[in-house]
Amino acid sequence: MAFLRGAFLPLFLHIFLLNRSVWGKVELTMNDNLEAYLGDPAEIPCHYSFAGVNEEPSFVIIQWFVRSAGNGSRMRIFYSDVNQQIVDNNTDYTGRIEVTSDQRGNTLLIQNVQLSDEKEFFCQVNGQEAGNAERKTHLRVFAPPEASEIEGVPNGISVTNTMPSKVASCEVRNGFPKPNITWYKDSEPLVPKVGQVNVITLVTREYRGFYSVQSTLEYRILKEDKDSHFSCEVSFSVPGAIRTRMSQSINVTVHYPTTMMELWKDSPQGLVKEGDTVELRCQGDGNPPPVFVFSKEQEPDVLLESRGDVLILPSVSRKDSGLYQCRVLESAGQIEVKEEVTLTVHYLDPAVVVPKDLEYMNKGENLVASCNALSSLKTVTIWYKEGKQVGHGNTLHLNDATYETSGQYVCEVTVPSLPSLHTNGSVHIVVQGGPQLAGVEDEIQLEEVAGRSLNLSCEARGHPLPSITWSITGSQNWQEVMSKANDHMTHSMVSVKINSDVSAVCNASNSQGTEVKVFSIKASKHLFLIYIEHMQVKLSDLKLGNCLTNESQLFFFLLIYLLLCAVEGSGVIIVVIILCLLLLAFLGSVVYFLHKKGKIPCGRSGKQEITKEKPTKDDIVVEMKNNPKNEDAVLLKAVNGEKKGPNDQVTVV
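Residues numbered from 1 in each chain as written. Predicted model: local features only at pLDDT ≥ 70, side-chain atom pairs only at ≥ 80, totals over all residues. Heavy atoms only, no water.

Caption draft 1: Broad picture of the nonpolar core. Membership of the largest hydrophobic core comes to 34 residues, with the highest contact counts inside it found for W64, I77, L108, I110, F121 and V125. If one sorts the elements of this core by residue count, strand β3 (residues 42-51) sits on top with five residues. Setting aside chain neighbours within four positions, we find I110 in contact with D40, P41, A42, I44, Y93, R96, I97, D117, F121 and L139. Judged by nonpolar contacts, the second largest core, of 24 residues, contains V167, I181, V234 and Y256. (Core = buried A, V, L, I, M, F, W, Y, C linked by side-chain atoms within 4.5 Å. Buried < 20%, exposed > 50% of the residue type's maximum accessible area, 1.4 Å probe, protein only. Helix = DSSP H or I, 4+ residues; strand = E, 2+ residues; numbered from the N terminus. Contact = heavy atoms within 4.5 Å.)

Right, dumping it as structure tokens:
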């Protein structure tokens, strides 16, 4: 009974109020829609006013109801009148709502909006005799989704597929309301098209009310798409707007067959010569890179061993020249593609010299030597002898051969266009003939001071190597002091003691002939005797000859001789003579002083001999003669440099 009374009273009041509504009018204003973010508070205003009445009703009932969209039943969540405000218990809004009132109406405040709050909220106002009214607001709740995730297929996609293939998938989670996904290729949207573009979308509603959307793009891949980038765009609603987020772009691996190839010589750069290591590299436009096989046109069925896309030919020779091919290892339904390159291996054979090794010539003969080297390129030939260039070209002309013609001739063959390619050859020329003595004179006239030694030198060239002998007349005191020979020349030197006129003959001979050279040496007076004669004249001019004893004169001349020997060859002989003259003047003054004092009797005139009681063969005899003609000759010889010591040796060639 209590339940019937509790239910009957509101119904009675409702009928009563409806019957009274004809007496007045309630004007009620509410928003059709209200939007709020998940977790935010939501305020739903309800403004009302009374029309057709003289005064505001004293008793007004306000109630709030909620109804899910598309559901016919609704549930009250709030009741108020002038005496009380009641939030209904055991609803989803118990403890989460609050209603505030003002002169214009009241406002429903919902704390911590949930996804389940997306419903229709009704505001009902009953002013009894002033009338009643009811309006609703649709509360929309928004939850932006998480960032999208895009993933391309891990394996490549072949262009040979005739139907669209899966390219990538894009997934967005935990959004409300349901987000949408749009696919792009190179910033251009993709629209589903039969046989070209297909988009498969899977929408999931989680228990908490969020939406997750997964979209799969299927696309008919072409070769041109190898550089394309795919991305997905997520669009979702927010209060008052629609926002979008673009994922990162991905590039898918496109598999396509090889249609074009290139084959080239990767190393060495430039021309190839024998001994080089050659690398041929092959490249195609297919993806993944195909398997290449190499062969030579002359042997197309023989596959050459290679390392991937590189064919290595170590230490090539001229037989490796030819046309090389690179082909793609064929697969089912694939058209054969190949490329070719021509390899030329250049060479230079060893030089062939004619005559070779050793060649004999006679003096005066002519010879033509040739040097040839087979080459695949133009060559240049230069002839050298002892490091000096003596010819240019393949032939070398040797005319009117002399002994200077003998020697080693080397021909250098080079390739200007390939400097590292070069060779050489040589020939040794030997000129045969009789001896040829050095010097242009057959007889040499010489003059040497008696008592000295003279070195005579003789050099002879010839082939076979000549021997040298000496024939010397006029002196028994001679000896060979040097004798040496090499491949080209014999050299001999003798030392001859000159006591009288000497004739020396150098005789060079071999199997081809004989040649001689004569040295005629005239023995001249010793320079000391010339000095003695000169000083004898000076003493006579001073009239001191009778005033000097034999011992004094001997001492005087010996002193002059020693001085001359000491300075001879030093270039100061004139200074010595002047000193001797000064010494004579000093001695003359002393003698004259002694004569005045009567200490030395002087009265002899004419010649004075300086002798010893028992002369021997080693004694020195000086005859003082007044011969003015010899004075100038002696001085002239001294000035002109005839300053050899009594024991000096002179070498004459």
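Caption draft 2: Spotlight on the sheet that holds strand β32 (residues 367-372). One open sheet holds the three strands; their spatial order is β30-β32-β35, and the pairing between them is antiparallel. A strand with exactly one partner marks an edge of an open sheet, and here the two such strands are β30 (352-354) and β35 (395-398). Sheet twist, expressed as the average angle between the axes of neighbouring strands with direction ignored, equals 15°. Judged from the four bridges that link them, β32 and β35 form a sheet pairing that is antiparallel. Bridge pairing links A369 to L396 in β35. (Pairing = 2+ DSSP bridges. Axes fitted to C-alpha atoms, helices over the stretch in contact; angles between N-to-C directions.)

Caption draft 3: Representation of the confidence of the model for the chain in the model. Mean pLDDT over the chain stands at 82; residues scoring 70 or higher make up 77%. Below a pLDDT of 50 lies the segment residues 1-22, which in the model reaches 10 contacts outside its immediate sequence neighbourhood of four places, other chains included. (pLDDT = per-residue confidence, 0-100.)

Caption draft 4: Local environment of unusual backbone geometry. Cis geometry marks the peptide bond from F176 to P177; its omega dihedral reads -5°. Of note, the bond from N287 into P288 is cis; its omega dihedral lies within 30 degrees of zero at 0°. Relative to the helices and strands, P288 is located in the loop between β23 (278-284) and β24 (292-296). Not every positive phi belongs to a glycine, and D357 is a case in point at roughly 60°. Tracing the sequence through the fold places D357 in strand β31 (residues 357-362). You can call D357 exposed: its relative accessible area is 57%.

Caption draft 5: A look at the sheet that holds strand β13 (residues 165-175). Across the sheet, which stays open at both edges, the four strands sit in the order β11-β13-β17-β16 with antiparallel pairing between neighbours. At either end of the open sheet lies a strand with only one pairing partner, and these are β11 (149-152) and β16 (197-205). Averaged over all adjacent pairs, the angle separating strand axes in this sheet is 15°, with direction ignored. Bridge analysis of β11 against β13 gives four bridges, and the strand direction is antiparallel. Residue E149 lies in a different strand from β13, and its bridge partner there is E171.

Caption draft 6: Expanded view of the packing of aromatic side chains. One pass over the full model with this rule turns up five aromatic pairs. Between Y48 and F50, the ring centres sit 5.9 Å apart and the planes meet at 75°, which makes this aromatic pair edge-to-face. With a centroid separation of 5.7 Å and an interplanar angle of 25°, the aromatic rings of F176 and Y211 are classed as stacked. Taken together, the positions of F176 in the loop between β13 and β14 (180-185) and Y211 in strand β17 (residues 211-219) put the pair 35 residues apart, joining distant regions of the chain. The pair formed by F176 and Y211 is uniform in burial state, with each residue classed as buried. One Lys or Arg, R74, reaches over the ring of F122 and ends 4.8 Å from the middle of that ring. (Phe/Tyr/Trp six-rings, centres within 6.5 Å; stacked < 30°, edge-to-face > 60°. Lys NZ or Arg CZ within 6 Å of the ring centre and 35° of its normal.)

Caption draft 7: Seen up close, the state of the cysteines. This model, assessed by the stated rule, comprises five disulfides. Between C282 and C326 runs a disulfide, and the two sulfur atoms are separated by 2.0 Å. Here the S-S torsion is close to -95°, and the disulfide linking C282 with C326 is therefore left-handed. On the criterion of sequence distance, the pair formed by C282 in strand β23 and C326 in strand β27 (residues 322-328) is long-range, its members being 44 residues apart. The buried category is assigned to C282, whose relative accessible area is 1%. The buried category is assigned to C326, whose relative accessible area is 0%. Disulfide partner of C458: C506, at an S-S distance of 1.9 Å. Here C458 and C506 share a disulfide; its torsion about the S-S bond, -85°, makes the bridge left-handed. Within this pair, whereas C458 is found in strand β39 (residues 453-463), its partner C506 is found in strand β43 (residues 502-510), the two being separated by 48 residues in sequence. The class of C506 is buried, set by a relative accessible area of 0%. (Disulfide = S-S within 2.5 Å.)

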